[in-house]
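Coordinates in review
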Amino acid sequence: MSFAHTDLRSLLPTPEPIAVVRTESAASALEMTRALVAGGIRAVEITLTIPGAVELIEELSVDPGVIVGAGTVRTAQDVESVVAAGARFVVSPGLDGGVVEAALGHRVAVVPGAFTPTEMMAARGYGLTTTKLFPASTAGPGHLSSLRQVFPEMGIVPTGGIGPDSVSGWLRAGACAVGIGSVINSTFASGGHQGLSELASALIRTCGEAATHRTTRKEQHS
C-alpha cells in the first residue's frame, strides 16, 4: 500500500518507535539523538521547546540514516522554519488549521494531535490520514482500538507516557508507530549513552516482532 507524502506512513511503512527528544539544551539533545541512532532508531522528533531546536534539526537532517521531524509545532511560522531546516515530518500537540495547511503546502508529513472522534473527523476533513493520540497515557490501548474500528483507514501514533513494557499493547491495538518520550530522558539520566542505545535496540526489536505478528495474522485471515 502506498501513502500520500503527507502521511507519516510514507516515511515509516511499518511500525517503528519515534524518539521524541525534549531536553533543556541542544547539546544534550544531540548527544541523546546520537545514542538513539546508534541503537537503531531511525525516526527522531526534535521538539521546538529545545533552545536552538531549528538549528539542531538542520544539523541532523544531513544524515541520510535519520528521519528528522519537528515536534510541538504550534504555528504556521513554526512549520516554515522547520521545513526550511530539513524536517521531514511535523508533529503538533493539537489540530490547528494553520499548521496543517502550511505542512500540506510543503507536502510534508503532518501529524496533528487528535484524541476524540470529533477531532479525528476534523483531521479527515483536511484530507489527513495520520494523527497523534495525545496524551496516550490517559486513554490506553483500548481507546485507540475503538477509534480504529470507526476510522480503519487512519494511522494513529500514540504518544505520552509510553514505555518499553507498553509498546506491544499499543501496537496490537493498531498503532502505526509509537512516540517514545519521557523514558528517553530517564534512561539517559541513569544509563547514559550506552543505556539509551540499549533502550533503542529493545524498542526496535519489540516493533519488529509486532510487525511480524501482524503479517502472520493477516495471512491467517486472508
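Below or above, wherever it landed, is the structure these notes cover.

Criteria and thresholds
- Residues numbered from 1 in each chain as written.
- Predicted model: local features only at pLDDT ≥ 70, side-chain atom pairs only at ≥ 80, totals over all residues.
- Heavy atoms only, no water.
- Buried < 20%, exposed > 50% of the residue type's maximum accessible area, 1.4 Å probe, protein only.
- Helix = DSSP H or I, 4+ residues; strand = E, 2+ residues; numbered from the N terminus.
- Pairing = 2+ DSSP bridges.
- Right-handed = clockwise from strand over helix to strand, strands pointing away.
- Phe/Tyr/Trp six-rings, centres within 6.5 Å; stacked < 30°, edge-to-face > 60°.
- Lys NZ or Arg CZ within 6 Å of the ring centre and 35° of its normal.
- Salt bridge = Lys/Arg side-chain N within 4 Å of Asp/Glu carboxyl O.
- Axes fitted to C-alpha atoms, helices over the stretch in contact; angles between N-to-C directions.
- Contact = heavy atoms within 4.5 Å.

**A look at the pairing of strand S6 (residues 130-133)**
Side chains of S6 alternate between two faces, with Thr130 and Lys132 and Thr131 and Leu133 buried alike. Both S6 and strand S7 (residues 155-158) contribute to a ladder of 4 bridges, which runs parallel. Counted as the bridge partner of Lys132 is Val157 from S7. Of the crossover connections in this fold, the one passing from S6 over helix H6 (residues 141-150) to the parallel S7 is right-handed.

**Brief notes about the packing of aromatic side chains**
Tallied over the entire structure, the rule returns 0 aromatic pairs. Its end group placed over the ring of Phe134, Lys132 keeps NZ or CZ at 4.7 Å from the ring centre.

**Some details on the pattern of salt bridges**
Taken as a whole and judged by the stated rule, the model has 3 salt bridges. Here Asp7 makes a salt bridge to Arg9, at a shortest N to O gap of 2.9 Å. Note on accessibility: Asp7 and Arg9 belong to one class, buried. Residue Arg124 is joined to Glu153 by a salt bridge in which the shortest nitrogen-to-oxygen separation is 3.0 Å. In this pair, Arg124 sits in helix H5 (residues 117-125) while Glu153 sits in the loop between H6 and S7, placing the two residues 29 residues apart along the sequence. A relative accessible area of 31% means that Arg124 is categorised as partly exposed. With relative accessibility at 35%, the residue Glu153 sits in the partly exposed group.

**What about the sheet that holds strand S3 (residues 67-71)?**
One open sheet holds the 6 strands; their spatial order is S5-S4-S3-S2-S1-S8, and the pairing between them is parallel. The sheet terminates laterally at strand S5 (109-112) and strand S8 (178-180), the two strands that pair on one side only. Strand-to-strand twist in this sheet, taken as the mean axis angle between neighbours without regard to direction, amounts to 25°. The pairing of strand S1 (residues 17-21) with S8 spans 3 bridges and is parallel. Bridge pairing links Ala19 to Ile180 in S8. On the sheet, helix H1 (residues 26-38) packs against S1 and strand S2 (43-47) and is oriented at approximately 165° with respect to S1.

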